[in-house]
Amino acid sequence: MSFSDLGLNPKLLQAVEEVGYTTPTPIQEQAIPYVLMGRDVMGVAQTGTGKTASFTLPMIEMLSSGRARARMPRSLILTPTRELAHQISENFESYGKYSKLTKALLIGGTSFAEQTKLLERGVDVLIATPGRLLDLFERGKIMLIDTKLLVIDEADRMLDMGFIPDVEKIVSLLPPLRQTLFFSATMAPEIKKLSDKFLSNPKAISVSKPASTAENVQQTIIKIDGGAKEKREALRQIMVGEGDIQSAILFCNRKKDVDILNKSLSAHGYSAAALHGDMAQSSRSETLQEFKDGKVKLLCCSDVAARGLDIPAVSHVFNFDVPINPEDYVHRIGRTGRAGRDGKAFTIATIEDYKALKNVLSTIHTNVPVVSLEGFESWSDEEAASLKGRRRRRPTKPTSTVKPEAKEAKPRGRRKKTETSPAETTVEANTPEPSTSPVSIQDEKRTERKAPRSSAPQPRRKARPSAVIGEREPSSEPSNPTSSFGDHTPAFILREAKVA
Ligand code: AMP
């Protein structure tokens, strides 16, 4: 099937061609004809499936006739985050370049005056986050009685973020006779309830996860023992093993840890920046643009800030923290391997993450290699299970401030043979030599001033030639039959381990 089979007008087809798309994705193929028919649609699809174009393209087609009246938008797209709103707006710009549609973006962090001015002129498409829209409605700046086309994007995320009461309020302000397109990555019972409430005789469309998540992204989970400092050190070691990374997203579970990681990486001479919800919209947009332009190579993010980010060239995702919500793992790794490219996703897991890691592994139904990292102690499932809520023997230092670290943890060397579980085997070792000099973050700041900002600063330790560490020669076959490494075993990996 081609785009011309979908019933779109020639101007729109030309714009699509200029964007470079040749074939509709499954969600586009299935949704566009029904949207054009005026049917409600319930689409279960994640980002990366092309779902945005599945509603923006037919919307442009349908809205190209008719005109908007002052303060009465003709269509409304509700999104959970500002970034997603921007991306949808960019979609309208690219696909709508030959259609004279007017649009406005109502998102927090931008000036009310400007938004009000646009609304007063009349807009065909209003893209909004729920809070800001209600704010403007309550100020009498907007009327929704002429909004006959509604899109609710990423409904599952709206639910996670507590936006559903706002969404319900907004829907109650719209005309009952309208067309509603509802998209969600999952179909949890709460989402089903909402869709039943908002939609009328919808066409249900479900597309599987983007192929990129399963096929293009090489995933690895790395078990290390220790706290935030050891994790930062492990991260740097992994990055050194990966070579000169041009574009990576690093996830932390908490905003304050996003800042800490960013500061630490910057202090180590990496080209890094932070992106999270506490930042002013202008600096979020600026940071995102710098990352898109390649001026910043490592973007430290919270889940909310990264939701729906569409940057095709991200080669790596690093989960500095294992996400608490296993669905976030899927969203996170979906930031790489986009648009047919290959991607890699590394997740650093400490013993504290045992439960979260188990949840992730049981959610994704994929065999992800779980390995140890050379020079770092690992942990076993038995140890984790015996914790029973007690803190680990080596507690994590509080991470709320970036204090000079008296001593950067020395990699602890190999585990004694007697500690090695029979299930763990040597896979390969071709790892740079561990640092011998303790480096504090303060020390690292001094380094930063001297070192050029690069995504891959010189390792502070000499590369060790490929060597066999452990009991056996590295095998050409992965020793764990469930491992999906094949020929792709990362160079830094010492042992495979198992998580039950
Ligand atoms: P989305 O799921 O809407 O976030 O889209 C994911 C990515 O797929 C974006 O980079 C889009 O630009 C891209 N895309 C959307 N539709 C197509 C298509 N038909 N062919 C190729 N790429 C597409």
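Residues numbered from 1 in each chain as written. Predicted model: local features only at pLDDT ≥ 70, side-chain atom pairs only at ≥ 80, totals over all residues. Heavy atoms only, no water.

Along the backbone of the chain there are 18 helices and 16 strands. For the chain, the share of sequence-separated contacts (at least 6 apart) that also reach a separation of at least 24 residues comes to 80%. Accessible area of the chain: about 21700 Å², with a carbon and sulfur share of 51%. (Helix = DSSP H or I, 4+ residues; strand = E, 2+ residues; numbered from the N terminus. Contact = heavy atoms within 4.5 Å. Areas by Shrake-Rupley, 256 points an atom, 1.4 Å probe, with all protein chains shown as cover.)

Side chains Ala 272 and Ala 274 of strand S10 (residues 272–275) all project onto a buried face; the interleaved residues Ala 273 and Leu 275 project onto the opposite face, where all are buried too. Pairing geometry for S10 and strand S11 (residues 298–301), over 4 bridges, is parallel. Within S11, the position partnered with Leu 275 by the bridge is Cys 301. Read as a crossover between parallel neighbours, the route from S10 over helix H13 (residues 281–292) to S11 is right-handed. (Buried < 20%, exposed > 50% of the residue type's maximum accessible area, 1.4 Å probe, protein only. Pairing = 2+ DSSP bridges. Right-handed = clockwise from strand over helix to strand, strands pointing away.)

In this section: helix H9 (residues 189–198). Buried within H9 we find Ile 191, Leu 194, Ser 195 and Phe 198. What you see down the axis of H9 is that its buried residues fit within an arc of 100°, all on one side. Opposite the buried face of H9, by more than 90 degrees, sit the exposed residues Pro 189, Lys 193 and Lys 197. Structurally, H9 contributes buried residues whose contacts are with strand S1 (41–44), strand S5 (149–152), helix H7 (155–160), helix H8 (164–173) and strand S6 (179–184). (Arc of directions from axis to C-beta.)

Turning our attention to the sheet that holds S1. Judged by pairing direction, the sheet is parallel, and its 7 strands sit side by side in the order S3-S4-S2-S5-S6-S1-S7 without closing on themselves. The open sheet has two edge strands with one neighbour each: strand S3 (103–106) and strand S7 (203–206). Across the sheet, the mean angle from the axis of one strand to that of its neighbour is 10°, orientation sign disregarded. Two elements, S3 and strand S4 (residues 125–128), share 4 bridges in a ladder whose sense is parallel. Its bridge partner being in S4, Leu 105 is matched across the sheet by Ile 127. (Axes fitted to C-alpha atoms, helices over the stretch in contact; angles between N-to-C directions.)

As a matter of local geometry, the ligand sits amid 14 residues, with Tyr 21, Gln 28, Gly 48, Gly 50 and Thr 52 nearest to it. Separating a nitrogen atom of the ligand from a backbone N or O atom of Thr 23 is a distance of 2.8 Å. Across the complex, the protein chains shield 80% of the 500 Å² of accessible surface that the ligand would expose by itself. (Near = heavy atom within 4 Å. Polar contact = N/O pair within 3.5 Å; in protein donor to acceptor, adjacent residues only side chain to side chain.)

Among the nonpolar cores identified, the biggest contains 35 residues, and Leu 299 and Leu 309 are the most heavily contacted of them. If you tally residues by element for this core, the top one is helix H16 (residues 354–364), at 6 residues. Excluding residues within four positions of it along the chain, Leu 299 makes contact with Ala 248, Ile 249, Leu 250, Ala 273, Leu 275, Thr 287, Leu 288, Phe 291 and Leu 309. In terms of nonpolar packing, the next biggest core, distinct from the first, is built from 33 residues, Phe 3, Leu 8, Leu 63 and Val 125 among them. (Core = buried A, V, L, I, M, F, W, Y, C linked by side-chain atoms within 4.5 Å.)

So, on to the environment of Phe 92. Its location among the elements puts Phe 92 in helix H4 (residues 82–95). Once you skip the residues sitting within four places of it in the chain, Phe 92 turns out to touch Thr 56, Met 59, Ile 60, Ile 77, Lys 97, Lys 103, Val 125 and Ile 127.

As a further point, take the packing of helix H3 (residues 51–63) against H4. Remark: H3 packs on H4, axes separated minimally by 10 Å, with the N-to-C direction vectors making an angle of 50°. Relative to H4, H3 is oriented oblique. Here H3 and H4 pass one another in a crossing that is right-handed. For the pair formed by H3 and H4, the contact residues are Thr 52, Ala 53, Phe 55, Thr 56, Leu 57, Met 59 and Ile 60 on the first element and Ile 88, Asn 91, Phe 92 and Tyr 95 on the second. Here the contact of H3 with H4 is built from residues that sort into 8 nonpolar, 3 polar and no charged. (Parallel < 35°, antiparallel > 145°, perpendicular 65-115°, else oblique. Left-handed = near helix turned anticlockwise from the far one by under 90°. Nonpolar A, V, L, I, M, F, W, Y, C, P; charged D, E, K, R; others polar.)

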